[in-house]
Structure formats: structure tokens, C-alpha cells
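Below, each chain spelled out in residue letters.
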Amino acid sequence: DTGVSQNPRHKITKRGQNVTFRCDPISEHNRLYWYRQTLGQGPEFLTYFQNEAQLEKSRLLSDRFSAERPKGSFSTLEIQRTEQGDSAMYLCASSSGGDTQYFGPGTRLTVL
Amino acid sequence: QKEVEQDPGPLSVPEGAIVSLNCTYSNSAFQYFMWYRQYSRKGPELLMYTYSSGNKEDGRFTAQVDKSSKYISLFIRDSQPSDSATYLCAMRYNNNDMRFGAGTRLTVKP
């Protein structure tokens, strides 16, 4: 399978815990994006990388959210001190030239 | 007002019907327009991508963009039960910040 992969697929955590999600983009894609999708809504852009550089992060929801892409390949999204309002699907997408973004299956987060 | 407004649905049609899905937007800076299909608990899958005003056809799907009216549409001909999903319109500026509509949930009944 050469598509975008995300792990874990599901994460259940208690309020106040930290969580980290991983995204592996399509191998030749240099751009990687993170989105959040809540029930009944479309995906909401959070941040994106071109190679290892994070070129847009102003739309991250709070300073509890951070993302990295240290070697320009896989990326991680971390949420610190989770809150119940963080419960959502976190989607990753990748592209090779900024045009077509291909999405992964998402990580569904449930904060108890 | 949201930047991208999408008919909320849900929409239910019989198999074989023509389906029309629509979005309006407020920001004339949007240059690229996409339609994604999303099955339950899955990531969005790109269906159509257009840049200019006009029509683009791909099999049973036709995407239509009217920049003067800030209105985009997706038509599905000969709809099938397998087309049952949520359809999301999306658009972006020249950068990579893509904005999505809320999605229209479609059910095609056999």
C-alpha cells in the first residue's frame, strides 16, 4: 500500500494526558498537512510542512498542539494536556506540488 | 458567515437518479476547487479537481465552477448505492490552506 498511513487509528485517553499521532506520507511527497475533523463538519486545516520546514502553524488550535517533521519524511502531531473538546478525527494529507492532497485514514481521538 | 457554505443534506435519492451537490463561497481569492468523497470513519478521497470556471467531466461525475457567482457544483449521473457517502467541497488560495464545506451526506437507495 503506497498511500498515506496514520497510526494509531484509534486513541482513547484521559483528560490531561499527552497524546502523539504519527503520519507517514506517500514516499515522494514533500508536503504534509494536518487537519482536524469534528462530527458533522469538514476537515479544518491545522498546519503544513514542506520537507522538514513547518511553513504554516498559525492555525494550530492552541499552544497545546505541536507538530514536527524532523527528517522531512514522517510527521508527528502532539496534543498536550488533552481536553474533552480535543475529541475528533485527526487527518493527515500529503502532496507533491501543493495541488492534489491525498488523505490518510485518520486517527480518531476520544478524550474521557 | 463561513467562507464555504455547503448544502447540509442529508440527501436521499433512488438508484439511477442524477444528484446535484452545491457549495457557495465568499472569498474571491479562492483559485482551486475540489470535491472529496468520504465514507464513514475513513479519510476523504479526491474525486474532482478544477482550477478555472467551467465544467470538468470524469466518468459519471461532472464538476462545475462559476467564479462570477462564487458557486461550485458536483453532478453524479446514474447514481449507485456505492455512491452513498459524505461529499465535501474544498477550495484554496495559491497557498496550501484548504477550506472545506461541512459536507453533504448522500444516500442512494437500491
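Since the structure is predicted, the reported quantities are computational estimates derived from the model, not experimental observations.

According to the stated counting rule, one finds 15 aromatic pairs over all chains in the structure shown. Plain terms: the ring middles of Tyr 33 of chain A and Tyr 48 of chain A are 5.4 Å apart, the flat faces sit at 20 degrees to each other, and that makes the pair stacked. With Tyr 33 of chain A in strand S4 (residues 31–37) and Tyr 48 of chain A in strand S5 (residues 44–50), this residue pair connects regions lying 15 residues apart in the sequence. Plain terms: the ring middles of Tyr 32 of chain B and Tyr 51 of chain B are 5.1 Å apart, the flat faces sit at 45 degrees to each other, and that makes the pair tilted. Of the two residues, Tyr 32 of chain B sits in strand S4 (residues 32–38) while Tyr 51 of chain B sits in the loop between strand S5 (45–50) and strand S6 (54–58), which places them 19 residues apart along the sequence. A residue is classified by how much of its surface remains accessible, and Tyr 51 of chain B, at 44% relative accessible area, is partly exposed. An aromatic cluster is built from Tyr 33, Tyr 35, Phe 45, Tyr 48 and Phe 103 of chain A together with Tyr 36 and Phe 100 of chain B, whose rings are joined through pairwise contacts. A cation sits over an aromatic face here: Arg 22 of chain A above Phe 74 of chain A, 3.9 Å from the ring centre. For the cation-ring pair, Arg 92 of chain B lies above Tyr 32 of chain B, with the distance from its terminal atom to the ring centre recorded as 4.3 Å.

With that settled, the discussion passes to the layout of surface pockets. Considering only enclosed or pocket space, the largest pocket measures out at about 670 Å³ in volume. Secondary structure elements with two or more residues in the lining of the largest pocket: strand S9 (88–95) and strand S11 (107–111) of chain A together with strand S9 (85–92) and strand S11 (104–109) of chain B. At 4 residues, S11 of chain B tops the list of elements feeding residues into the lining of the largest pocket. When the residues that make up the lining of the largest pocket are grouped by side-chain class, the tally is 9 nonpolar, 12 polar and 4 charged. The space that makes up the second largest pocket amounts to roughly 310 Å³. Lining the second largest pocket are 16 residues, with Gly 42, Pro 43 and Glu 44 of chain A together with Lys 2 and Phe 100 of chain B positioned closest to its centre. At 3 residues, the largest contribution of residues to the lining of the second largest pocket is made by strand S10 (residues 98–100) of chain B.

Conventions we followed
- Residues numbered from 1 in each chain as written.
- Chains lettered and ligands numbered in written order.
- Predicted model: local features only at pLDDT ≥ 70, side-chain atom pairs only at ≥ 80, totals over all residues.
- Heavy atoms only, no water.
- Phe/Tyr/Trp six-rings, centres within 6.5 Å; stacked < 30°, edge-to-face > 60°.
- Helix = DSSP H or I, 4+ residues; strand = E, 2+ residues; numbered from the N terminus.
- Buried < 20%, exposed > 50% of the residue type's maximum accessible area, 1.4 Å probe, protein only.
- Lys NZ or Arg CZ within 6 Å of the ring centre and 35° of its normal.
- 1 Å grid on protein atoms, 1.4 Å probe; cavity = no way out; pocket = protein on both sides within 12 Å on 5 of 7 lines; lining within 4 Å.
- Points joined across faces, edges and corners; volume = space filled by probe spheres on them.
- Nonpolar A, V, L, I, M, F, W, Y, C, P; charged D, E, K, R; others polar.

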